[in-house]
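Each chain, letter by letter, is given below.
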Amino acid sequence: MGVLIFRALQYWKVSLASSFIAAFYFAVSQAATFAVICNDTMSQMMGSFFGALTIWNLYLGMKQVRSGSSFPRSHLILCLLTFFLSLTSKETSAGLCLGVFNLILVMEPKSEGNRIQFFKVAKRVLPFFLIGLLYVGMRFSAGATMPSYGSNSSYELHLGINILKNIGLFAFQSILPFSSAMLAHDLYDRNILALAGIVGVTAMLGTTLLYGIWRSPQRRLIFCILGFALFAVTPAIFLNHVSEVYLYNALPYVAIAFGFAIEYYWTQSARAVRISFSALLAVVFVANIVGAVQKTASLAEESSRSQVLMQQIYPIVSKLPNNGRLYLVNPVTHEFEYSVFAMKGFDVVKYADPWILRHTARPDVKLYVLESEEYRDSVALHPGAAYTMNMATLRIKPF
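In this text, all values refer to a predicted model and were calculated from it rather than measured experimentally.

### So, the packing of helix α6 (residues 96-107) against helix α7 (residues 114-141)
The angle between the axes and the distance between the axes are what describe a pair of packed helices.
Reasoning step 1: Viewed as axis vectors pointing N to C, α6 and α7 meet at an angle of 155 degrees, and their least axial separation amounts to 10 Å. As the angle between them shows, α6 and α7 are arranged roughly antiparallel. For the crossing formed where α6 meets α7, the hand is right-handed. Contacts between α6 and α7 pair Val100, Phe101, Ile104 and Leu105 from the former with Val121, Arg124, Val125 and Phe128 from the latter.
Reasoning step 2: Residues belonging to the contact of α6 with α7 are distributed by class as follows: seven nonpolar, no polar and one charged.

As structure tokens, this is what we get:
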């Protein structure tokens, strides 16, 4: 992905240094850590990569159309292939459909009469529309869960203040140079001084970037690129609760805008401003690298904890009766929790049942990770073995 960002900026005549720094920023961004480090988020990375590749090749093809040539067949085949791969990699790539449609709508050469223009755009969009229908059909045939509307579950879609909140969170996280897990911990601890420092530096960076973008001679292009960043997270912004892993789809476009801002400060601003910006840039890079390392260490710690618990769960599962149930009841705790970087109790093995059941050769067993209040209702309907744990020693014990 970094190579694609670099080549795109070079295509738009951004200097070698600014292009490299923007690509490097994407590579070390703490906001990308979740998607890059976790072993079950490869689909997110692939969906994002194929999506960005689709937009880039479609843009190059439409540039040739605007110059009077036909859309290169090789570009079209590649666009359709990467479009299909993006959609089938991750369901959050659905926002790519908006990106494709809007890119064609804007770049299709104007014709006399709206009717003719409509049919030209429709003809260009049709192959992508058919692939979208194929994708929806594949999801239905595979029995995949389709999103529902509501405000009860985190993964339900909802039209309300959640949309503005999610857009704000994504925008803030995309330029946040410090570990988001550290920020969440400071919020939990109400560490006012640390929060003020983090928010202050982030606000300074955001203001600086916006000013650089506004002063750039390419600002119309940059704002269009940021529009594609919004398209990239469009499915997620309607959810009741978002995860920072979804932001990975938008980060390539943010990095490109970052490259244009760097170019302005390094080539068109006064010497004192250029030096100040370079100092801020150094702080931002160091903070991102430190933040990414901290988040990686937190993930490694959670992974080790899950292994300790699973080694204790294996013999328990092996001894359960046929079609037995195992309830893993989280202890009551007020410890800090944040995403996958700080999880409580048995939440680290909440989705590990396929591995546990395969390791123990007990596909008949059902595993549940519950809160103590949920357990009372569950065991009344379906009796089973119940265990909790000592958070200090990570030792499992009967509930």
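That covers the picture; the talk isn't over yet.
### A word on the packing of aromatic side chains
Reasoning step 1: In the structure shown here, the tally under the stated rule is 25 aromatic pairs.
Reasoning step 2: A ring pair is formed by Phe118 and Phe119, whose centres lie 5.5 Å apart and whose planes are at 75 degrees; its orientation type is edge-to-face.
Reasoning step 3: An aromatic cluster is defined as three or more aromatic residues linked by ring pairs; in this entry it consists of Tyr11, Trp12, Trp56, Tyr59 and Phe260.

### Re the pattern of salt bridges
Reasoning step 1: Going through the model one piece at a time under the given rule, you end up with six salt bridges.
Reasoning step 2: Residue Glu108 is joined to Arg124 by a salt bridge in which the shortest nitrogen-to-oxygen separation is 3.0 Å. Highlighted residues: Glu108 in the loop between α6 and α7 and Arg124 in helix α7, separated in sequence by 16 residues.
Reasoning step 3: Taking the relative accessible area as the measure of exposure, Glu108 reaches 2% and is therefore buried.
Reasoning step 4: In this structure, Asp364 and Arg362 form a salt bridge, with 2.8 Å as the shortest nitrogen-oxygen distance.
Reasoning step 5: Owing to a relative accessible area of 23%, Asp364 belongs among the partly exposed residues under this scheme.
Reasoning step 6: Take Arg362: its relative accessible area is 10%, and that puts it in the buried class.

### Comments concerning empty space enclosed by the protein
Reasoning step 1: Scanning all chains against the criterion turns up one cavity of 30 Å³ or more.
Reasoning step 2: Roughly 130 Å³ of volume is contained in the largest cavity.
Reasoning step 3: The wall of the largest cavity is formed by 15 residues, among which Gly51, Leu96, Ala232, Asn249 and Tyr253 lie closest to the centre.
Reasoning step 4: Those elements that provide at least two residues to the lining of the largest cavity are α4 (42-66), α6 and α11 (219-232).
Reasoning step 5: Looking at the lining of the largest cavity, the element that brings in the most residues is α4, giving five residues.
Reasoning step 6: Along the lines of polarity and charge, the residues of the lining of the largest cavity split into seven nonpolar, eight polar and no charged.

### Here's the deal with the side chain of Gln117
Reasoning step 1: Note that Gln117 resides in helix α7.
Reasoning step 2: At 3.5 Å, the side chain of Gln117 forms a polar contact with the backbone oxygen of Glu108.
Reasoning step 3: Contact partners of Gln117, with chain neighbours within four places excluded, come to Glu108, Pro109, Lys110 and Ser111.

### Some points on the pairing of strand β3 (residues 385-390)
Reasoning step 1: When strand β1 (residues 325-329) meets β3, the two strands line up parallel, connected through three bridges. The residue bridging Tyr327 from the neighbouring strand is Ala386, located in β3.
Reasoning step 2: Sheet topology note: the β3/strand β4 (residues 395-398) ladder contains four bridges and is antiparallel. Looking across to β4, one finds that Tyr387 is bridged to Pro398.
Reasoning step 3: The turn joining β3 and β4, which pair antiparallel and follow one another in sequence, is formed by four residues; a positive phi near 60 degrees is taken by Leu394.

Cut-offs applied
- Residues numbered from 1 in each chain as written.
- Predicted model: local features only at pLDDT ≥ 70, side-chain atom pairs only at ≥ 80, totals over all residues.
- Heavy atoms only, no water.
- Axes fitted to C-alpha atoms, helices over the stretch in contact; angles between N-to-C directions.
- Helix = DSSP H or I, 4+ residues; strand = E, 2+ residues; numbered from the N terminus.
- Parallel < 35°, antiparallel > 145°, perpendicular 65-115°, else oblique.
- Left-handed = near helix turned anticlockwise from the far one by under 90°.
- Contact = heavy atoms within 4.5 Å.
- Nonpolar A, V, L, I, M, F, W, Y, C, P; charged D, E, K, R; others polar.
- Phe/Tyr/Trp six-rings, centres within 6.5 Å; stacked < 30°, edge-to-face > 60°.
- Salt bridge = Lys/Arg side-chain N within 4 Å of Asp/Glu carboxyl O.
- Buried < 20%, exposed > 50% of the residue type's maximum accessible area, 1.4 Å probe, protein only.
- 1 Å grid on protein atoms, 1.4 Å probe; cavity = no way out; pocket = protein on both sides within 12 Å on 5 of 7 lines; lining within 4 Å.
- Points joined across faces, edges and corners; volume = space filled by probe spheres on them.
- Polar contact = N/O pair within 3.5 Å; in protein donor to acceptor, adjacent residues only side chain to side chain.
- Pairing = 2+ DSSP bridges.

Interpretation in functional terms is not warranted from these geometric data alone.
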